[in-house]
Each structure stands twice: as C-alpha cells, then as structure tokens.
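Given next are the chains, with one letter for each unit.
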Number of protein chains: 2
Amino acid sequence: MNRFLSNATNKIDAKGRVSVPSAFRAVLARNGTEELYACQDFVFPAISMAGPEMLDRFEKMISTLDPFSEKANRMSLVIHGGGVFMKLDAEGRLLVTDFIRDFTGITDRVTFAGRGDHFQLWEPGAFEAMQARSRAEDFRVAERPT
Amino acid sequence: MNRFLSNATNKIDAKGRVSVPSAFRAVLARNGTEELYACQDFVFPAISMAGPEMLDRFEKMISTLDPFSEKANRMSLVIHGGGVFMKLDAEGRLLVTDFIRDFTGITDRVTFAGRGDHFQLWEPGAFEAMQARSRAEDFRVAERPT
DNA sequence: TGGGCTCATATGGGCGTCAATGGGACGAGG
DNA sequence: CCTCGTCCCATTGACGCCCATATGAGCCCA
C-alpha cells in the first residue's frame, strides 16, 4: 500500500521521542523518502508531514503570485518559516519539538492520522473530538439509540 | 537541503552577538557563501539576509527601469542605501547592529525565519503575530480552543 | 486446538558529539 | 587611553547514534 491510512496513538518517551507507526514508515520507505517536511496544518491544530514534494507543491502555488506582493510574502512566511525538515532516528522515531507541541497541544502522547498522501500528528483528544464531530456533522450520520 | 526553512529563536549575548542556526549556516556553506548581504525587507519589519547573489538580482531588476525615474531611484535607495554586507565570526555568530535593531525592534532575542532562498531576522513577537495572522487570513485556518 | 516459539514493533536509556552561549585576550582605530 | 570588533577557548545542554528490553501478534507444530 502506498497511501497513509488509519491511525495509531503512541507514547512520547522521556527524551521527547515518539515512534512513527511502522505502516507509515513502510510507505515512506516505498517512496524513498528520507527527509520529512513538516508544517502546521491550515485547517486543523495538527502537524502535517510528507516528503519534500509537498513543499514543492506549496512553492509552485506561491510562484504564481507577484513575489513582492504582501500575500506572496505572507504565504512564504508560513510555508518556509513555519515548515521544518525532520528526520527519523534509526528506530523510526521522531523528536516532538516545541514547534509541534505548541501548535497541537501534544504533551505525552501522539495520534498519527493517515491522510492519503500525507499523515498528521494530533493531540489524541483533539483528534478524537474532531473525528467524531466530522462524522456527525459532515456525513449526517443518523443518531442511534444506545 | 539547500533551502532556508523553519524558524528558530536565539539569544543575543552581552556583546550583542547572536548565533545563526546551524541549519542556515549549513545552507550557506553549501552555497559557498562567505559574506552576507543584509537589507531591510520591503514588506515586513525584518532584515533579509542572503549571499551577494540577492543583491545581483535586485540590481538586475532596477536596471530594467528608466534610470532617471523616481521609482528606480527610490528602489536603489532601499537596496543600496538600506543594505549592508556582514560576516559571521568563527562560531557562526553575527553582530546585531543598531541598523538591525532600529528597523526590526529587536532587543534581546532574534527569530531567524527561513524564506526559501534567503532568511530573515525578526523580533520574536512580531514574527509570531505576523505568521498567525497570515495563517488565519491567507490560509483560513480553523479557530482552535485554547 | 492449545502451547510455545520467533520475530517485529514499540519503548527505554547510555554516551559521544556538536551547537549555542559566555567570557577573556588581543589589536586597530578614534 | 578608551572603545569596539575579532579571535580564541570554556561550559553546558541538546541531539544523534547505538544497543538493550519488552510486549504482543502471528506462526508452527504437536
């Protein structure tokens, strides 16, 4: 499988590291992705991660604008200034930096959520709540008696 | 990686020096950049820094204008009159001059923000505010509970 | 079908290296 | 003579690299 699917919650250890689920690492390996581009998501309080091609997409989008415009500069500020390259250690773990904690509210556990061509890092409670809300509101699931 | 990405905030020491993040220095070394061209940004209250090729780009742009036009003169005023060459010390630190402080409002800490082909020096609060605003206005990020 | 075996994943921690920071010494210039 | 900038060295804390343990799932075989 070459898409990021499903979700899993892992613990952050004493050194601030967390294991990326092996299913996700398998997709990365399959795509030959060594370095991960991480950025603050535009919609959710989550960090989105994918290979460098995600950054390329964003840059292409910016390049359609006048480079001296305020909008182009502000977008670059978010895309470039708000994005980081990260790499996993030999065991497939990543360091949960303040950059990630501050934006997501993550403290001691991380929920990894597959998003097809990328995956996201969520605070477990926030993920649960947002998924439940989306299921109820956006898909109009009928209420069922308990 | 050959682009300036992510952001980091470092302290200014008693002698007015601040360490340039090693990730940025690595990009500079990769490009063989010894001297840095620094100028006041056109859009933000920040100092933009890159190798001399950034100055070349600006000069090329000006040369396309009528040299007697007011616009060309004003641009030169900013590019040349508002720009300086700086170099780092052996430990990769740069001196935060009044030129930088006055324009940015920087006092005791500096936020380095990657901008792809260059990077910027911001007053930490100003950077935070501008990025948050851009994320909200240009990317329509969802409000998140605090 | 049940027991035990094996392997992979998740997790814990030691240790060396490097980056960020602090501060002294020296030399040029006002 | 004093000030400022540069060079050099010291400290400390963070991070990367490596190895160790465990928990649990799947598998084989009786």
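The structure contained in this document is the topic of the report that follows. Here the structure is a predicted model, which is why all the values come from computation and not from measurement.

A few points about the overall build of chain A
Working step 1: When helices and strands are tallied, chain A shows five helices and eight strands.
Working step 2: Counted from the first residue to the last, chain A has its helices and strands arranged as β-β-α-β-β-α-α-β-β-α-β-β-α.
Working step 3: When its C-alpha atoms are laid out on the principal axes, chain A stretches across 60 × 40 × 30 Å.
Working step 4: In chain A, which comprises 146 residues, the share counted as buried stands at 43%.

As for the interface of chain A and chain B
Working step 1: On the chain B side, the residues contacting the 29 residues of chain A number 28 residues.
Working step 2: Across the chain A/chain B interface, buried area totals approximately 2,600 Å², and carbon plus sulfur atoms make up 61% of it.
Working step 3: Its largest share of buried area at the contact with chain B, chain A owes to Phe-68, Arg-74 and Leu-77 of chain A, together 27% of the area lost on that side.
Working step 4: Put simply, chain A and chain B have four salt bridges between them.
Working step 5: Asp-56 of chain A is the partner of Arg-3 of chain B in a salt bridge, and the nearest nitrogen-oxygen pair spans 3.6 Å.

A short note on the pattern of salt bridges
If charged atoms from side chains of opposite charge come close, those side chains can pair.
Residues and elements named next belong to chain B.
Working step 1: Under the counting rule described, the total for this entry stands at 18 salt bridges over all chains.
Working step 2: Put simply, Asp-117 and Arg-57 hold a salt bridge, and the shortest N to O gap is 3.3 Å. With Asp-117 in the loop between β7 (109-114) and β8 (119-122) and Arg-57 in helix α2 (residues 53-63), the pair connects residues that are 60 residues apart, well separated along the chain.
Working step 3: Judged by its relative accessible area of 43%, Arg-57 is partly exposed.

Comments concerning the layout of surface pockets
Working step 1: The computed volume of the second largest pocket comes to approximately 620 Å³.
Working step 2: Around the second largest pocket sit 26 residues that line it, and Pro-67 of chain A together with Arg-57, Arg-115, Asp-117 and His-118 of chain B are the ones nearest its centre.
Working step 3: Secondary-structure elements contributing two or more residues to the lining of the second largest pocket are α2 (53-62) and α3 (70-79) of chain A together with β3 (35-40) and α2 of chain B.
Working step 4: Considering every element that reaches the lining of the second largest pocket, the biggest residue donor is α2 of chain B, with four residues.
Working step 5: When the residues that make up the lining of the second largest pocket are grouped by side-chain class, the tally is 11 nonpolar, nine polar and six charged.

Structural notes on the packing of aromatic side chains
Working step 1: In this structure the tally under the stated criterion is 18 aromatic pairs over all chains.
Working step 2: Considering the side-chain rings of Phe-68 of chain A and Phe-42 of chain B, the 5.8 Å spacing of their centres and the 45° angle between planes classify their relative orientation as tilted. With Phe-68 of chain A in the loop between α2 and α3 and Phe-42 of chain B in the loop between β3 and β4 (47-50), this pair bridges two chains.
Working step 3: Residue Phe-68 of chain A is classed as partly exposed on the basis of its relative accessible area of 40%.
Working step 4: Here Phe-42 of chain B falls in the partly exposed class, since its relative accessible area comes to 37%.
Working step 5: With a centroid separation of 6.2 Å and 45° between ring planes, the pair formed by Phe-112 of chain A and Phe-119 of chain A is classed as tilted. Comparing Phe-112 of chain A with Phe-119 of chain A shows no difference in burial state: the two are buried.
Working step 6: Through a chain of ring-to-ring contacts, the aromatic side chains of Phe-4, Phe-24, Phe-112 and Phe-119 of chain A assemble into a single cluster.

A look at the environment of Thr-97 of chain B
Residue and element names in this part refer to chain B.
Working step 1: Within the secondary structure, Thr-97 sits in the loop between β6 (93-95) and α4 (98-104).
Working step 2: Taking relative accessible area as the criterion, Thr-97 reaches 27% and is therefore assigned partly exposed.
Working step 3: The sequence separation of Thr-97 and Lys-60 amounts to 37 residues, and the corresponding C-alpha distance is 28 Å.

Considerations on the sheet that holds strand β5 (residues 83-87) of chain B
Residues and elements named next belong to chain B.
Working step 1: If you walk across this open sheet you meet the six strands as β1-β7-β8-β4-β3-β5, and the pairing is antiparallel. The open sheet has two edge strands, β1 (7-11) and β5, and neither has a second partner. Shown here is a sheet whose adjacent strand axes are inclined to one another by a mean of 25°, direction ignored.
Working step 2: Packed on one face of the sheet, helix α1 (residues 22-30) meets β3, β7 and β8 and runs near 50° to β7.

Side note on unusual backbone geometry
Working step 1: With phi around 70°, Ser-6 of chain A is a residue other than glycine that occupies positive phi space.
Working step 2: Locating Ser-6 of chain A in the fold gives a position in the segment before β1 (7-11).

Reading the values: the criteria
Residues numbered from 1 in each chain as written. Chains lettered and ligands numbered in written order. Predicted model: local features only at pLDDT ≥ 70, side-chain atom pairs only at ≥ 80, totals over all residues. Heavy atoms only, no water. Helix = DSSP H or I, 4+ residues; strand = E, 2+ residues; numbered from the N terminus. Buried < 20%, exposed > 50% of the residue type's maximum accessible area, 1.4 Å probe, protein only. Contact = heavy atoms within 4.5 Å. Buried area = accessible area lost by both parts, 1.4 Å probe. Salt bridge = Lys/Arg side-chain N within 4 Å of Asp/Glu carboxyl O. 1 Å grid on protein atoms, 1.4 Å probe; cavity = no way out; pocket = protein on both sides within 12 Å on 5 of 7 lines; lining within 4 Å. Points joined across faces, edges and corners; volume = space filled by probe spheres on them. Nonpolar A, V, L, I, M, F, W, Y, C, P; charged D, E, K, R; others polar. Phe/Tyr/Trp six-rings, centres within 6.5 Å; stacked < 30°, edge-to-face > 60°. Pairing = 2+ DSSP bridges. Axes fitted to C-alpha atoms, helices over the stretch in contact; angles between N-to-C directions.

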